[in-house]
Every structure is written in structure tokens, then in C-alpha cells.
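Results of the structural survey
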Amino acid sequence: IVDHYGMMHFFHNRSNGVIHANGRDYTLNNALTYYDHCWGRIPAKPGWHWIAVQNETAAIASLVNYGPYAQLYTEVYFTAEVKSPRTGEWVRLSQTVSFEYMHKDKWDEVWHVTSPDMTLRVELLQMKTDRTFIPIFVNIWHTEIFVKISGQIRVDGEWVETGDMFGVMEEQKGRW
């Protein structure tokens, strides 16, 4: 069996509309939005940490996959409004990324996402953990957190401040 898996994501989208959630309506007018979609067959025992965050002038995506076919990527995009050596293009950063928390209760703390090319402070704003359990076949824990991130990114040897960025951080572990 071969595991073929893919993901695409789009940052800096603009959206209009209404979101109905928990009995409330939220109106979007030219709102900064994000979209992703995953497909395919993933390995039987996956585990990962992932962030996808953005603001008006930057976007960052970083994945550390701990499964049998480890995937590592980190990339950043800065618009022309940012003083960076490379604007208007996705720049691949160091793949040696750590998702770190310092205290016993990891969901009640600030996290740090670091590599030789970035140092980010991750504030957890809201989270949801789901468990999918089908005896013998599936046992997955998936936590998705709405986060606020700030810090520095190094592009071509020059450190650039990110400003406050918002988006998602995920942790998944288990057996498919």
C-alpha cells in the first residue's frame, strides 16, 4: 500500500458573507481569510504539529510530521509593504522546527515555534479537541487551536518582525 497525500492552501484571500455559529451571526466585509484542503491516504500512525497564520503583510505555514514518512516544511510570504530581502514570493525556511511548551498543561500555556530561521511566540486563544474512535481501526486525537503569533523570521540572513498574526495551530496523533 502506498500513502499518497496532498494539501493545498491559500493565504491572503478576501471574503464577504455571514457566518452562523452558536446562535450568532458574524458578518465579513472584505475580511482576510484562509483556505486549505487535504486529500489522500495518510500513513496509519500519523502525528503532527502545524501552523498556518497570517496578517495583512505576511503569511507563515509550518509543518512537522512525526509519522513514518516525516514531512517537514516551513515557508513565509511577505508583501511589498514589509522591509524584507524577498517580498512577493514564498520563501522556504529551515526545516528543523520545534513546537515547544514549557509547563505540564500544554493547553494552558504559551507555546514557542522555533528554528534557526524563526522565533515565534504562540498565544492560544481558543481550542477544540476531537477524538475519532472506531475499535481496532481508528483512534485519533485532533486538537485545533485559534492562535495569535508574533516574532521574527530570518530571510536571507536578515531578521524581519512579523507583527501580530492570527490563524490555526494543530496537533494530531493516533492511528488510522
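Residues numbered from 1 in each chain as written. Predicted model: local features only at pLDDT ≥ 70, side-chain atom pairs only at ≥ 80, totals over all residues. Heavy atoms only, no water.

Digging into unusual backbone geometry
Formally: Secondary structure elements are taken from DSSP: a helix is a run of H or I of four residues or more, a strand is a run of E of two residues or more, and numbering for both begins at the N terminus.
The residue Asn 30 is not glycine, and still its phi comes out positive at about 55°. Here Asn 30 is to be found in strand E2 (residues 24–40).

Some thoughts on a nonpolar patch on the surface
For the record, the criterion: Patch criteria: residues need more than 30% relative accessible area and no salt bridge. Like-charged residues are merged within 9 Å; nonpolar side chains of Val, Leu, Ile, Met, Phe, Trp and Tyr are merged within 5 Å. Areas reported as accessible are Shrake-Rupley estimates using a 1.4 Å probe. Residue values count occlusion only from the protein chains shown. Here, a salt bridge means any Lys or Arg side-chain nitrogen found within 4 Å of an Asp or Glu carboxyl oxygen. Think of it in three bands: with a 1.4 Å probe and only protein chains considered, a residue is buried below 20% of the maximum accessible area for its type, exposed above 50%, and partly exposed in between.
Among the surface-exposed residues, Met 8, Phe 10, Tyr 35 and Trp 39 lie close enough to one another that they form a single nonpolar patch of about 410 Å² accessible area. Listing elements by their share of the nonpolar patch, those giving two or more residues are strand E1 (5–21) and E2. With respect to the helices and strands, Trp 39 occurs in strand E2. Judged by relative accessible area, Trp 39 falls into the partly exposed class, the value being 43%.

Here's the deal with the pattern of salt bridges
Scanning the entire structure with this criterion turns up nine salt bridges. Of the charged contacts in the structure, one is a salt bridge between Glu 123 and Arg 121, with a shortest N-O distance of 4.0 Å. Relative accessible area serves as the criterion here: at 30%, Glu 123 is assigned to the partly exposed category. Among the ionic pairs, Lys 148 bridges to Asp 164, the shortest N-O distance being 3.7 Å. In this pair, Lys 148 is assigned in strand E10 (residues 138–155) and Asp 164 in the loop between strand E11 (158–161) and strand E12 (165–175), connecting sequence segments 16 residues apart. Overall, the relative accessible area of 27% leaves Lys 148 in the partly exposed class. By sharing partners, the salt bridges in this structure join Arg 86, Glu 89 and Asp 156 into a single network.

Focus: the nonpolar core
Using the following cut-off: In these notes, a set of buried Ala, Val, Leu, Ile, Met, Phe, Trp, Tyr and Cys residues joined through side-chain atoms within 4.5 Å is what counts as a nonpolar core. Contact criterion: two residues are considered in contact whenever any of their non-hydrogen atoms come within 4.5 Å of each other.
Among the nonpolar cores identified, the biggest contains 26 residues, and Ile 153 and Met 169 are the most heavily contacted of them. A total of five residues in this core trace back to one element, the largest contributor, which is E10. Beyond its immediate sequence surroundings of up to four residues, Ile 153 is in contact with Ile 60, Val 76, Phe 78, Leu 93, Asp 117, Met 118, Leu 120, Glu 158, Trp 159, Val 160 and Thr 162. Among the nonpolar cores identified, the runner-up in size contains nine residues, and Ala 52, Ala 61, Tyr 73 and Val 168 belong to it.

Focus: the side chain of Asp 117
The following threshold applies: By the criterion applied in these results, polar contacts are pairs of N or O atoms within 3.5 Å in which, for protein atoms, one can donate a hydrogen and the other can accept it, and in which residues neighboring in sequence qualify only through two side-chain atoms.
Secondary-structure assignment places Asp 117 in the loop between strand E8 (111–115) and strand E9 (118–134). Looking at Asp 117, its side chain comes within polar contact range of the main-chain nitrogen of Ser 94, at 2.8 Å. Contacts of Asp 117, omitting those with residues within four sequence positions, involve Leu 93, Ser 94, Gln 152, Ile 153, Arg 154 and Trp 159.

Here we look at the pairing of E10
The test is simple: Criterion used throughout: strands pair if DSSP finds at least two bridges between them.
Of the strand pairs in this sheet, E9 and E10 are connected by 16 bridges, and their pairing is antiparallel. The partner of Val 122 across the bridge, within E10, is Ile 149. Count of turn residues in the E9/E10 antiparallel hairpin: three residues, of which Ile 136 carries a positive phi of about 75°. One ladder, built from four bridges, connects E10 with E11; its direction is antiparallel. Each residue of the ladder has a partner; that of Gln 152, found in E11, is Glu 161. Turn length for the E10-E11 hairpin, with the two strands adjacent in sequence and antiparallel, is two residues, and the turn residue Asp 156 shows positive phi of about 50°.

Side note on the pairing of strand E4 (residues 58–65)
Counting buried residues in E4 gives eight out of eight residues, a clear majority hidden from the surface. Judged by which residues are buried, E4 turns out to be covered on both faces: Ala 58, Ile 60, Ser 62 and Val 64 on one side and Ala 59, Ala 61, Leu 63 and Asn 65 on the other are all buried. Inspection of the sheet shows strand E3 (residues 47–54) paired to E4 by seven bridges, in the antiparallel sense. Note on E4: the bridge partner recorded for Trp 50 is Leu 63. What sits between E3 and E4 in their antiparallel hairpin is a turn of three residues. Bridging between E4 and strand E5 (residues 72–78) involves seven bridges; their strand directions are antiparallel.

Function cannot be read off these values alone, since they describe shape.
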